[in-house]
Amino acid sequence: LWHAKELTVINSHPSSDARMLPRMQRGLQMLADGKLDLNCLVTHRLLPEELGCVPSLVNQPDFIKAVCVFE
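Residues numbered from 1 in each chain as written. Predicted model: local features only at pLDDT ≥ 70, side-chain atom pairs only at ≥ 80, totals over all residues. Heavy atoms only, no water.

S.K.: Would you mind going over the overall build of the chain with me for this structure?
M.R.: Within the chain, the secondary structure is distributed over two helices and two strands. Listing the helices and strands of the chain from first to last along the sequence gives α-β-α-β. A burial count over the chain gives 8% of its 71 residues as buried. Sequence-distant contacts in the chain: of pairs separated by 6 or more residues, those separated by 24 or more amount to 10%. Accessible area of the chain: about 6,400 Å², with a carbon and sulfur share of 58%. (Helix = DSSP H or I, 4+ residues; strand = E, 2+ residues; numbered from the N terminus. Buried < 20%, exposed > 50% of the residue type's maximum accessible area, 1.4 Å probe, protein only. Contact = heavy atoms within 4.5 Å. Areas by Shrake-Rupley, 256 points an atom, 1.4 Å probe, with all protein chains shown as cover.)

Below, the structure is given as structure tokens:
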């Protein structure tokens, strides 16, 4: 849809900024070491065939993050 409507999407996080790289590496290492558990942010787990409902989920008050699960 973004492509068809020729929308420009601007990331709200400057992850390409070289100053962010050390912070991102530290965060990823903390995840790998088990020091951070982000599972509490995942409010919805969806199968691939359910991904079409994501636009309606993002407006729900309990929505934080959705992940696609493959079973």
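S.K.: Can you help me understand a nonpolar patch on the surface in this one?
M.R.: A grouping of Leu28, Leu31, Leu36, Leu38, Leu41 and Ile64 is seen on the molecular surface, where their side chains present a nonpolar patch of about 500 Å² in accessible area. Judged by relative accessible area, Leu31 falls into the partly exposed class, the value being 33%. (Patch = residues over 30% accessible without salt bridge, like charges linked within 9 Å, V, L, I, M, F, W, Y side chains within 5 Å. Salt bridge = Lys/Arg side-chain N within 4 Å of Asp/Glu carboxyl O.)

S.K.: I'm lost on helix 1 (residues 21-32) in this one. Help?
M.R.: Residues spaced three or four apart along an α-helix point in a common direction, a consequence of the helix completing one turn every 3.6 residues. Helix length check: helix 1, at 12 residues, gives a terminal C-alpha distance of 16 Å against a target of 16 Å (1.5 Å per residue), a fit within 8%. Downstream of helix 1 by one or two residues, Gly34 has phi in the positive range, about 80°. (Expected span 1.5 Å × (residues − 1).)

S.K.: What's the story with the side chain of His44 in this structure? I'm lost.
M.R.: Assignment of secondary structure puts His44 in strand 1 (residues 42-46). Residue class for His44 comes out buried when judged on its relative accessible area of 13%. If we ignore the near neighbours within four places in the chain, the residues touching His44 are Leu57, Gln60, Asp62, Phe63, Lys65, Ala66 and Val67.

S.K.: What's the story with the environment of Phe63 in this structure? I'm lost.
M.R.: Mapped onto the fold, Phe63 is located in the loop between helix 2 (54-57) and strand 2 (65-68). Separated by 21 residues in sequence, Phe63 and Val42 have C-alpha atoms that sit 8.3 Å apart. Sequence-distant contacts of Phe63, that is, excluding residues within four places in its chain, are made with Thr43, His44, Leu57 and Val58.

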